[in-house]
Amino acid sequence: MLGRTANGLYWMYRYLERAENTARLIATGQRIALTRLHGSDDEWRSILQTAAVSEGYDRYYSALTRASAIDWLLRSENNPSSIYACIVAARQNARMVRTALTGEVWEAVNAIYMHCNTTLKRHIPERDIPASLISIRQRTALVRGMTHGTMLRNEIFDFARIGTFLERADNTARILDVKYYVLLPSVTAVGSSIDNVQWETILRSVSARGGFMMEYGNSFTARDIVNFLLLDQRMPRSLAFCTSKISDNLHYLTASHPTPPPSCEQIDVIQKMCLDNNISTIFEFGLHEFLQEYIALLGVLSRQIEIDFRFYD
Amino acid sequence: MPRSTNFDEMWGTEDVPRDPYRNFLSWFEKEDPKRLQKKQIESEELFRLTGITFNVYGREEAEERLIPFDIIPRIVSASEWQKVVRGIEQRVRAINAFLHDIYHRQEILRAKRIPESIISENSAFLPQMIGVSPPGNIYTHIVGVDLVRTGHEEFYVLEDNARTPSGVSYMLENRETMLQMFPELFSQIKVQPVQTYPTDLLRSLSACAPPLTPSHEPTVAVLTPGIYNSAYFEHSFLADKMGVELVEMQDLRIIDGRVAMRTIQGYKTIDVLYRRIDDDFLDPLNFRSDSQIGVAGLFDVYRSGGITLANAPGTGIADDKAIYSYIPEIIEFYTGERPLLKNVPTWRCVEKESLAYVLDHLDKLVVKEVHGSGGYGMLIGPAATKRELAKFAKKLKSRPANFIAQPTLSLSTVPILTRTGLSPRHVDLRPFVLVSPRSVTVTPGGLTRVALKKKSLVVNSSQGGGTKDTWVLEN
């Protein structure tokens, strides 16, 4: 496979994952805004921070309002991480790697693009936002489904998966990091319930509310939530889960290499972070410090993958 | 339906359905017109979803546009097709012989069959190719011969596209769409398949590989300028169907005297490069030094026999409009036979008497730029206003060598489906030809381009033309 093709696949799936995560974030923000008695737009700040688009927002807007935050996240062409921009970039990459994709995957990507190109080009009235977000998530799910159902399990698939899980791990880590203060043991004594709205934000923004309740029932403690999103091996958006998927695919890719490239060693280190820790050691080390280190290591890994697999000349 | 005065391929000139269309028409007449209208719309959705688009330069909003597709097929009988194929084979063999000669001994110039100036003063002649023999002596691996029809037996060659002819993906996807929409038609009418093209292309390209690689299957790759190129869809389509890599210039590098592509496991040597990029941009060291793209030294590898470029650099001299008028002489010179396919009579404006004639009859002629393509910069006399004619005459007088003129042929028509039923429109045909040392293969079918505007003679997709599926019937 060409290095450029690997690059295109990796980014195509990163962008699709990012679009989906942003859609989930907006839906969560909307829900909080609508279910609070004393509405305030503060929650949108942390959502912008989670999506890492807060500084960009401030360059274009003087005040924080729900409408403009949603616009920025959903359809702004000035925000390179807006859903619209992600879909355009995903499709651009898909076009570049068209020969590596099955017809089904390509058509599914092209279909989201065509959908967003008509629906996200103009202002979306508030009442249409939920439906718009649902249809974006459904359409990205279709690409994922087509990928699973039609693509050969070869190196093409490996790069698709690595892109997906790297983006997802980064997203979950950011959600936790933006909210880490509400999860600190000093704020909420170990075992006590935390602010209803806060836990909902966190769990909903990774589609984990139902899963969490299956595991832990109705009592939402900081310790359990952190444990679930960081270390649970069966929760498909947890750091431990994403890390082990990246690790699997990187090792498949390099199985025939005489010596494993640096990126393999790096993922082993990240993997160890998840396996060797438990919730007590993480709180002891500092949740924020742990997440910061994790995010930084992912960034290093991403750059090393580019080098190891010759994404660029 | 309203009849046109020229030859209609469905109705002939006598308003009786012509043989190749008989079965189709008996099906068509039983169809509910509303269902067909629906199918017409459905076909557009199919095309848009599969992403068959072409980019139009300089149009931000319409960055990717669909070429309109008409669901009424253009049908040719097996015997008509046989004649066309024989003519094309003869022409393509002559063109390859001409290219070899013109870059080697130049016998045709010594024999004074064509004027020397037409080669020496032609910017399409590539001096770098002098003395270079491409592997297997094949210059034009892929050719798209543009044909027009004026009567039952009357086919004319309009242009020999010997550089990088495009449109073959439309031939294939048009058929795919028809198969999906009208499966019942294909079980009633036996149509020769076109789907073998990608396999034939790969086999033909592989057969032209440099002789250095006898032990393994040659590595073939398609070279594209990138996703912003207007024909990018076709480049990726062909690479996909052949199962080969689609490379860009940035993927290539010269390693140990061979061209190699950057893969995730290091550089891999390429034997045959089907390049969809102009000569000028291949190699900044050997061609345009101001070119930002290209692989420095690629042509040196080529000259030393390390890679096959399809088509060979410098083939533009064979489809140049100035050379076109000499193709009958070229065929006779190299094959010793009379040309089987006709050339459109052509006035070379560089010749004094011709220029005078052209200026006198401007309102009846089509005038083309010698190096133009895509229908740009051309004058259609009968459709032009007085002012346009005067303006063009001025241009013509100032640089006569830049132009040729041809009579306006009364192109055949094939009906398209309009809201009010069938209506005749002018068409042309581009069959696709593969050339290897072993064989010349013409895929039964081709790209039928159709002018969608009533009475218009311009079929170019960049100017509002559409396409049709082209059926060659089984015997």
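All of these numbers come straight from a predicted model, not from anything done at the bench. Numbering of residues begins from 1 in every chain and follows the order in which that chain's sequence is written. Whichever chain is written first is A, and whichever ligand is written first is 1; the rest continue in order. Side-chain atom pairs in this predicted model are given and counted only at pLDDT of 80 or more, local residue features only at pLDDT of at least 70, and totals for whole chains, interfaces and linings cover all residues.

A. Layout of the overall build of chain A. Secondary structure follows DSSP: runs of H or I at least 4 residues long count as helices, runs of E at least 2 residues long count as strands, and numbering of each begins at the N terminus. Broken down by element type, chain A carries 16 helices and zero strands. Over its C-alpha trace chain A gives a radius of gyration of 19 Å, about what one expects of a compact globule, namely 20 Å for 313 residues. Judged by the C-alpha coordinates and their principal axes, chain A covers about 55 × 50 × 35 Å. By the convention adopted here, residues are in contact when the distance between their C-beta atoms, placed from the backbone, does not exceed 7 Å. Here the contacts in chain A between residues at least 6 apart in sequence split such that 69% fall between residues at least 24 apart. The globule rule used here is 2.2 Å times the number of residues to the 0.38 power, and the radius of gyration it is set against is calculated over C-alpha atoms.

B. How the structure looks around the overall build of chain B. For chain B, the count of helices and strands is 15 helices and 23 strands. Its C-alpha atoms give chain B a radius of gyration of 23 Å, near enough to 23 Å, the size a compact globule of 475 residues would have. A principal-axis box enclosing the C-alpha atoms of chain B has dimensions of 65 × 60 × 50 Å. Counts of 20 or more other C-beta atoms within 10 Å of a residue's own C-beta define buried residues, counts of 12 or fewer define exposed ones, and intermediate counts define partly exposed ones; C-beta atoms are placed from the backbone. Within chain B, the fraction of its 475 residues that count as buried is 41%. Counted over contacts in chain B with a minimum sequence separation of 6, partners at least 24 positions apart contribute 69%.

C. The environment of B:Arg399, seen in detail. Residues and elements named next belong to chain B. Here Arg 399 is to be found in the loop between α15 (386–398) and β17 (403–407). Residue Arg 399 is classed as exposed on the basis of its 12 C-beta neighbours within 10 Å. Along the chain, Arg 399 and Cys 349 lie 50 residues apart, while their C-alpha atoms are 8.9 Å from each other.

D. Spotlight on the sheet that holds strand β10 (residues 266–269) of chain B. Residues and elements named next belong to chain B. The sheet built from three strands is open, its strands ordered β8-β9-β10 with antiparallel pairing. Both outer strands of the open sheet, β8 (252–255) and β10, are each paired with one neighbouring strand and no more. Each strand axis lies, on average, 45° off the axis of its neighbour in the sheet, ignoring direction. Inspection of the sheet shows β8 paired to strand β9 (residues 258–263) by four bridges, in the antiparallel sense. Within β9, the residue paired with Ile 255 across the bridge is Arg 258. At least two DSSP bridges between two strands are needed for those strands to be called paired. Convention adopted: a line fitted to C-alpha atoms gives each axis, helices being fitted over their contacting stretch, and angles between N-to-C directions are expressed from 0 to 180 degrees.

E. Representation of the domain arrangement of chain B within the structure. Residues and elements named next belong to chain B. Throughout, the edges of the domains are those of an automatic or database domain assignment. Domains assigned within chain B are domain 1 (19–342 + 409–472) and domain 2 (345–407). The interface of domain 1 with domain 2 comprises 11 residues on the first partner and 10 residues on the second. When residues are sorted by character, Ala, Val, Leu, Ile, Met, Phe, Trp, Tyr, Cys and Pro go into the nonpolar class, Asp, Glu, Lys and Arg into the charged class, and all the rest, Gly among them, into the polar class. Residue classes in the side of domain 1 that touches domain 2 are distributed as five nonpolar, four polar and two charged.

F. Local environment of the interface of chain A and chain B. Counting residues at the interface gives 19 residues for chain A, matched by 18 residues for chain B. Looking at the side of chain A that touches chain B, the elements that each hand over two or more residues are α1 (3–35), α5 (83–96) and α6 (103–119) of chain A. Top element by residues in the side of chain A that touches chain B is α6(A). It accounts for five residues. Looking at the side of chain A that touches chain B, its residues break down into eight nonpolar, four polar and seven charged.

G. Looking closely at the pairing of β10(B). Residue and element names in this part refer to chain B. As paired strands, β9 and β10 are joined by four bridges and run antiparallel to one another. If you follow Ala 260 over to β10, its bridge partner there is Thr 269. A loop of two residues connects β9 with β10, the two strands running antiparallel in sequence.

H. Spatial organisation of the environment of A:Thr5. All names here are of chain A. One can find Thr 5 in helix α1. Of the residues examined, Thr 5 has 27 C-beta atoms within 10 Å and is grouped as buried. For the pair Thr 5 and Ile 282, spaced 277 residues apart in the sequence, the C-alpha separation amounts to 38 Å. Dropping the residues within four chain positions of it, Thr 5 is found in contact with Val 97 and Ala 100.

I. Broad picture of unusual backbone geometry. All names here are of chain B. With omega at -5°, the peptide bond leading from Ala 310 into Asn 311 counts as cis. Here Asn 311 is to be found in the loop between β12 (308–310) and α11 (316–319). In this structure, Gln 106 takes a positive phi of about 55° despite not being glycine. Unlike most non-glycine residues, Asp 256 shows phi in positive territory, near 50°. As for its position among the elements, Asp 256 is in the loop between β8 and β9. Taking the number of C-beta atoms within 10 Å as the measure of exposure, Asp 256 has 9 and is therefore exposed.

J. Summary view of the confidence of the model for chain B. Residue and element names in this part refer to chain B. A score between 0 and 100, pLDDT records how confident the predictor is in each residue. Chain-level pLDDT for chain B is 90 on average; 94% of the residues reach the 70-or-more range. Across residues 56–62, confidence stays below pLDDT 50; counting only partners more than four residues off in sequence or on other chains, it has four contacts. Confidence estimates for the predicted assembly give a pTM of 0.89 and an ipTM of 0.85.

K. Looking closely at helix α8 (residues 197–206) of chain B. Every buried residue of α8(B) is listed here: B:Tyr197, B:Leu201, B:Leu202, B:Ser204 and B:Leu205. Here the buried residues of α8(B) occupy an arc of 165° about the axis, which is enough to place them on one side. As used here, the arc belongs to the directions running from the helix axis to the C-beta atoms.

L. Expanded view of the pairing of β17(B). All names here are of chain B. In terms of residue burial, β17 counts as a mostly covered element, since four of its five residues are buried. When strand β15 (residues 365–369) meets β17, the two strands line up antiparallel, connected through five bridges. Among the inter-strand pairings, Lys 368 is bridged to a residue of β17, identified as Ile 404.

M. Layout of α1(A). Helix length check: α1(A), at 33 residues, gives a terminal C-alpha distance of 48 Å against a target of 48 Å (1.5 Å per residue), a fit within 8%. Along α1(A), 27 of the 33 residues are buried, which leaves the element largely enclosed by surrounding structure. Given the number of residues in a helix, its expected span is that number minus one, multiplied by 1.5 Å.

N. Broad picture of the domain arrangement of chain A. Residues and elements named next belong to chain A. What the domain assignment reports for chain A is domain 1 (1–151) and domain 2 (153–313). Each of domain 1 and domain 2 has a C-alpha centre, and the two are 21 Å apart. Contacts between the two partners involve 25 residues from domain 1 and, on the opposite side, 24 residues from domain 2. Those elements that place two or more of their residues in the side of domain 1 that touches domain 2 are α1 and α2 (42–50). At 16 residues, the largest contribution of residues to the side of domain 1 that touches domain 2 is made by α1. Class assignment for the residues of the side of domain 1 that touches domain 2 results in 11 nonpolar, eight polar and six charged.

O. Broad picture of the sheet that holds strand β7 (residues 245–247) of chain B. All names here are of chain B. Strand order in the open sheet made by the four strands is β7-β6-β11-β12, with parallel pairing throughout. At either end of the open sheet lies a strand with only one pairing partner, and these are β7 and β12. Ignoring strand direction, the axes of neighbouring strands in this sheet form an average angle of 30°.

P. Spotlight on the packing of helix α13 (residues 239–253) of chain A against helix α14 (residues 262–276) of chain A. Residue and element names in this part refer to chain A. Direction vectors running N to C along α13 and α14 enclose 155°, while the axes themselves pass 9 Å from each other. Considering the angle they form, α13 stands roughly antiparallel to α14. Like other packed secondary-structure pairs, α13 and α14 cross with a definite hand, here left-handed. Residues Leu 239, Ala 240, Thr 243, Ser 244, Ile 246, Ser 247, Leu 250 and His 251 of α13 lie in contact with α14, whose contacting residues are Ser 263, Cys 264, Ile 267, Ile 270, Gln 271 and Cys 274. For the contact of α13 with α14, the class distribution of residues is eight nonpolar, six polar and no charged. By definition in this entry, angles of less than 35 degrees are roughly parallel, angles greater than 145 are roughly antiparallel, angles of 65 to 115 are roughly perpendicular, and the rest are oblique. Put simply, a crossing is left-handed when the front helix is turned counterclockwise from the back one by less than a right angle, and right-handed when it is turned clockwise.

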